[in-house]
Each structure stands twice: as C-alpha cells, then as structure tokens.
Amino acid sequence: NELIATIRKEYYEKTIEKKISHLSNRFRKNILFLNKLHKQNCSAQRIKDYMGFEMPMDFNKILYENGKIYSLRQVIITAEFFGLPFELILFTDLEANADTLKKEYPALFRQSRS
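These numbers were taken from a predicted model, which means no experiment stands behind them.

Novice: I'd like a rundown of helix H4 (residues 72–82), residues and numbers included.
Specialist: Taken together, the buried positions of H4 are occupied by Gln74, Val75, Ile77, Thr78, Ala79, Phe81 and Phe82. If you follow the buried residues of H4, they end up packed against helix H1 (2–38), helix H2 (44–51), helix H3 (59–64) and helix H5 (86–91). Two residues or fewer past H4, Gly83 is found with a positive phi of approximately 75°.

Structure (structure tokens):
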C-alpha cells in the first residue's frame, strides 16, 4: 500500500505542477497582452504605487519569466489592477477574445495606470 501511495503521489505531483504551469503561462500571456493595451508594464512596484498592495518582488518573475503562480491573492490583486474578473485572467485567452472584451469591458481599452 505504501508503494502504491508513493506512486500515486508522484503522479499527482506531476499532474498538479503541469496544471500550475499551464495557469501560470496563461496568466503571463494575458498580462503581456494587457500591458500592450495600456502601453505600460504591470509590476510589483506599479501595483504598490497604484493600489497600495505590497507584492513580493519575485512576483515579477511570474509576470516576465517562468515563475509559477502559487498565490491566488496575487492573481486577484493583478486582476483588480486591470479591472477584470480574475477568472478571465486565469482561464481565458484575452488576446484571442479581444473583440468580446471590448464589448464587455470597454473601459479596459481606455484605462491608464499613470
């Protein structure tokens, strides 16, 4: 039973890490798209300046490198920074759905974080 549990654990660890990587990549891709819309890069410092939330500096690794999301709080804060539901930033390809976004969130295409 212990051996089976160990093998299951390995399977689930790989499965979970794969899903975390997928969500992190979707999040990163969406943030890059939103950055293009706003002509300004989202960062831990910009979130602090605009919203007052302290974000760990390694948060930038999630946004611009291959860091992985491990905090839903950080995703929600970032979504609020852009004025979008966090579900969209995690589970929707924003660039592929830009026309729908323009209809549902017209202010998103006019906002500035300066």
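Here the narrative resumes, following the displayed structure.
Novice: Hey, could you go over the nonpolar core for me, with residue numbers and the actual values?
Specialist: In terms of nonpolar packing, the biggest core is built from 25 residues, with Phe27, Ile31, Leu34, Phe59, Leu84, Ile89 and Leu94 touching the most fellow members. At the level of elements, H1, H2, H3, H4, H5 and helix H6 (98–104) are the ones that each hand at least two residues to this core. It is H4 that provides the largest number of residues to this core, a total of five residues. Setting aside anything within four residues of it in sequence, one finds Leu34 in contact with Phe82, Leu84, Ile89, Leu94 and Leu108.

Novice: Got a sec to walk through the pattern of salt bridges? Specific residues and values, please.
Specialist: This model, assessed by the stated rule, comprises six salt bridges. The shortest N-O distance in the salt bridge between Arg26 and Asp93 comes to 3.6 Å. Placement of the pair is Arg26 in helix H1 and Asp93 in the loop between H5 and H6, with a sequence separation of 67 residues. Of the two residues, Arg26 and Asp93, neither departs from the other in class, the shared state being buried. Within this structure, Arg26, Lys29 and Asp93 form a network of salt bridges that share partners.

Novice: Outline unusual backbone geometry, listing residues and values.
Specialist: Located in the positive-phi region is Lys39, a residue other than glycine, with phi close to 55°. Position of Lys39 relative to the elements: it lies in the loop between H1 and H2. The class for Lys39 is exposed, based on a relative accessible area of 75%.

Novice: I'd like to hear about the environment of Glu80, residue by residue, with values.
Specialist: Looking at the element boundaries, Glu80 is found in helix H4. When the C-alpha atoms of Glu80 and Thr92 are compared, they prove to be 16 Å apart, with twelve residues separating the residues in sequence.

Novice: Please provide a residue-by-residue account of the environment of Leu84, values included.
Specialist: Here Leu84 shows up in the loop between H4 and H5. For Leu84, a relative accessible area of 2% translates into the label buried. A sequence separation of 24 residues divides Leu84 from Leu108, and the C-alpha atoms of the two residues are 8.0 Å apart. Setting aside chain neighbours within four positions, we find Leu84 in contact with Leu34, Ala79, Ile89, Leu94, Leu101, Tyr105 and Leu108.

Novice: I'd like a rundown of the packing of H2 against H4, residues and numbers included.
Specialist: Between H2 and H4, the least distance of the axes is 11 Å, while the angle of their chain directions is 65°. The element H2 and its partner H4 pack so that their crossing is left-handed. Between H2 and H4, the residues in contact are Arg46, Ile47, Tyr50 and Met51 and Ile77, Thr78, Glu80 and Phe81, respectively. Looking at the contact of H2 with H4 residue by residue, the class counts come to five nonpolar, one polar and two charged.

Conventions used here
- Residues numbered from 1 in each chain as written.
- Predicted model: local features only at pLDDT ≥ 70, side-chain atom pairs only at ≥ 80, totals over all residues.
- Heavy atoms only, no water.
- Buried < 20%, exposed > 50% of the residue type's maximum accessible area, 1.4 Å probe, protein only.
- Helix = DSSP H or I, 4+ residues; strand = E, 2+ residues; numbered from the N terminus.
- Contact = heavy atoms within 4.5 Å.
- Core = buried A, V, L, I, M, F, W, Y, C linked by side-chain atoms within 4.5 Å.
- Salt bridge = Lys/Arg side-chain N within 4 Å of Asp/Glu carboxyl O.
- Axes fitted to C-alpha atoms, helices over the stretch in contact; angles between N-to-C directions.
- Left-handed = near helix turned anticlockwise from the far one by under 90°.
- Nonpolar A, V, L, I, M, F, W, Y, C, P; charged D, E, K, R; others polar.

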